[in-house]
Amino acid sequence: YVNPNSAVDINVHRLPYEYVLTQPRLAQFLNKTPIAYIWDDHDFCDNDSDSTFAGKANARIAYNEYVPHYPLGMGTGASFPIAQAFTIGRIHFILTDLRSERSSGQIMTAAQRTWFENECLYARDNGYIIGWLSTYSWSGTSIDNWAGFAADRTSINDFLFCNNIKNFFIMSGDAHMLGIDNGLNGDFSGGSCGFYEYPNFQAAALNNNGSYKGGVYSEGGYFVNPNNTFGQFGKVDVTDSGGDSICINFEGYRVDSGGTSVGLINSYTFCRYLPASTASVIEQNEGLAVSIQPNPSNNLVIHFENSTKLKSIKIISTLGIVMKHVKVNVDTFEYSFSADNLPSACYIVELE
């Protein structure tokens, strides 16, 4: 809550990162934990900040300097938002920048909105579930969350419904409370297309006073943080055995004021049908399109856009160990091979 905001001195935006990264326990945690961090107000710029705030450019530059992140989908530097997307297993995560792009008339610029929609369509077409990080609450009722941009919220909802995007869930922060909705209270569409349940997980704040910013939550209502001596956080577990369904579990926890015990506050589990055969790995390299289907699977089929001389296949672990090496040396459009003898994990497929 330093609320940095300076167009003149970029160090105003660097110093909060320096402070966080020099706290011994927190630095140890961050160095051991993979993170995907997107800002909201107070850390982008001042309270209730948006694209009009003076420190916007410096905030973007400092983020790029200090924060590990996936490739930014719209460009890197002072001119671009912190918009990123990445896939883990069969979950495609989308992180939108709802602060440095926001204006009095819209929640995202047209460019970020197009990027967001394209990421959603990519996930749909490749058989992924979408996990959207909307930094503030989707079902909120205050001016400083989605209720203040009701037309945009309806437009996004209509886009998702009308494009048959069925497998979608939302994670939010900003409001200092835990809240879980099964998706039945999150329909803000215009009603012209179908309806899909998008579970919504409101998970905050780590150590700040509670605040309720609106919304209906099916799983016991909302749970504000009692005061800033307590802590609250959310945990999302994904169970994917490679079959035709994936189950996702939301859990909200509270840490007592002494930091000695953790208690479960709310939870919700949902499963989504997702045929394994619809997913694939697709690579475009030097004009040669290659796909590997299905993913995940023990028995894979490599498809080439054109007849290709395939010399060898290597299956490599994420630690760089070659787990399997098959010498082929054939001209083919398609080649099948088995990975039955490999343990379940994520692998790199290297084709020569």
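Shown above is the structure to which this text applies.
Quick caveat: nothing in here was measured; it's all calculated off a predicted structure.

1. Overview of the packing of helix H1 (residues 11-21) against helix H3 (residues 56-66)
Each packed pair of helices is defined by two parameters, the angle between the axes and the distance between the axes.
Part 1 of the reasoning: For the pair H1 and H3, the least separation of the axes is 8 Å and the interaxial angle reads 30 degrees. Note that H1 runs across H3; the crossing there is right-handed. Across the interface between the two elements, His-13, Arg-14, Tyr-17, Glu-18 and Leu-21 from H1 touch Asn-58, Ala-59, Ala-62, Tyr-63, Glu-65 and Tyr-66 from H3.
Part 2 of the reasoning: Its residues assigned to classes, the contact of H1 with H3 comprises six nonpolar, two polar and three charged.

2. Digging into the sheet that holds strand E9 (residues 245-255)
Part 1 of the reasoning: Reading across the sheet, the three strands line up as E8-E9-E10 and stay open at both edges, with antiparallel pairing between neighbours. On the outer flanks of this sheet lie strand E8 (231-239) and strand E10 (262-273), each paired with one strand and no other. Direction aside, the axes of adjacent strands within the sheet are offset by 15 degrees on average.

3. Points about the sheet that holds strand E2 (residues 91-95)
Pairing between sheet strands relies on hydrogen bonds along the backbone, with the strands arranged either parallel or antiparallel.
Part 1 of the reasoning: Read from one edge of the open sheet, seven strands run E1-E2-E3-E4-E6-E5-E7, paired in mixed fashion. Looking along the sheet, the strands with just one partner apiece sit at the ends: strand E1 (84-88) and strand E7 (222-224). The sheet shows a mean angle of 15 degrees between the axes of neighbouring strands, direction not considered.
Part 2 of the reasoning: Bridge analysis of strand E3 (residues 129-133) against strand E4 (residues 168-172) gives four bridges, and the strand direction is parallel. By the bridge assignment for E4, Leu-133 is matched with Met-171.
Part 3 of the reasoning: Running over the sheet, helix H4 (residues 110-125) touches E1, E2, E3 and E4 and is turned about 175 degrees from E2.

4. Some points on the packing of aromatic side chains
Part 1 of the reasoning: In total, this model carries 25 aromatic pairs according to the counting rule given.
Part 2 of the reasoning: Here Tyr-70 and Phe-86 contribute two aromatic rings whose centre-to-centre distance is 3.8 Å and whose plane-to-plane angle is 10 degrees, an arrangement assigned as stacked. Linking Tyr-70 in the loop between H3 and E1 with Phe-86 in strand E1, this pair joins segments that are 16 residues apart in sequence.
Part 3 of the reasoning: A network of ring pairs unites the aromatic residues Phe-116, Trp-132, Tyr-136, Trp-138, Trp-146, Phe-161, Phe-168, Phe-188, Phe-195, Tyr-196 and Tyr-198 as a single cluster.

5. So, the pattern of salt bridges
Part 1 of the reasoning: On inspection of all chains with the given rule, the structure shows 13 salt bridges.
Part 2 of the reasoning: Between Arg-14 and Glu-65 there is a salt bridge; the shortest N-O distance is 2.8 Å. Pair noted here: Arg-14 is in helix H1 and Glu-65 is in helix H3, with a separation of 51 residues, a long-range link.
Part 3 of the reasoning: The class of Glu-65 is partly exposed, set by a relative accessible area of 41%.
Part 4 of the reasoning: For Lys-309, the salt bridge identified is with Asp-331, shortest N-O distance 3.5 Å. Of this pair, Lys-309 sits in strand E13 (residues 299-317) while Asp-331 is found in strand E14 (residues 322-338), placing the two residues 22 residues apart along the sequence.
Part 5 of the reasoning: Several salt bridges share partner residues, and in doing so they unite Asp-40, Asp-41, Arg-99, Arg-102 and Asp-144 into one network.

6. Notes on the side chain of Gln-112
Part 1 of the reasoning: When you line up the elements, Gln-112 lands in helix H4.
Part 2 of the reasoning: Other than its neighbours up to four places away in sequence, Gln-112 contacts Met-74, Ala-83, Thr-96, Asp-97 and Glu-101.

7. Here we look at the pairing of E3
Part 1 of the reasoning: Where burial is concerned, most of E3 is hidden: four out of the five residues are buried.
Part 2 of the reasoning: Direction of pairing for E2 relative to E3: parallel, over a ladder of five bridges. Counterpart to Phe-93 in the pairing with E3 is Gly-131.
Part 3 of the reasoning: Taken together, E2, H4 and E3 constitute a β-α-β crossover, and its handedness is right-handed.
Part 4 of the reasoning: A crossover connection joins E3 to the parallel E4 through helix H5 (residues 150-162); in handedness this β-α-β unit is right-handed.

8. Points about unusual backbone geometry
Part 1 of the reasoning: In this structure, Ala-205 follows Ala-204 across a cis peptide bond, with omega equal to 0 degrees.
Part 2 of the reasoning: If you trace the backbone, Ala-205 turns up in the loop between strand E6 (200-203) and E7.
Part 3 of the reasoning: One non-glycine residue, His-42, lies in positive phi territory at about 75 degrees.
Part 4 of the reasoning: Its location among the elements puts His-42 in the loop between helix H2 (24-32) and H3.

9. A look at the pairing of E1
Look at any regular strand and the pattern is simple: side chains alternate between the two faces of the sheet.
Part 1 of the reasoning: Where E1 lies against E2, five bridges are found, and the strand directions are antiparallel. Bridging from a neighbouring strand, Thr-87 pairs with His-92 of E2.
Part 2 of the reasoning: The hairpin turn running from E1 into E2, its antiparallel successor, is two residues long, and Gly-89 in that turn takes a positive phi close to 65 degrees.

10. Topic: the environment of Ala-57
Part 1 of the reasoning: As for its position among the elements, Ala-57 is in helix H3.
Part 2 of the reasoning: In this structure Ala-57 comes out as partly exposed when scored by relative accessible area, which is 34%.

Conventions used here
Residues numbered from 1 in each chain as written. Predicted model: local features only at pLDDT ≥ 70, side-chain atom pairs only at ≥ 80, totals over all residues. Heavy atoms only, no water. Axes fitted to C-alpha atoms, helices over the stretch in contact; angles between N-to-C directions. Helix = DSSP H or I, 4+ residues; strand = E, 2+ residues; numbered from the N terminus. Left-handed = near helix turned anticlockwise from the far one by under 90°. Contact = heavy atoms within 4.5 Å. Nonpolar A, V, L, I, M, F, W, Y, C, P; charged D, E, K, R; others polar. Pairing = 2+ DSSP bridges. Phe/Tyr/Trp six-rings, centres within 6.5 Å; stacked < 30°, edge-to-face > 60°. Salt bridge = Lys/Arg side-chain N within 4 Å of Asp/Glu carboxyl O. Buried < 20%, exposed > 50% of the residue type's maximum accessible area, 1.4 Å probe, protein only. Right-handed = clockwise from strand over helix to strand, strands pointing away.

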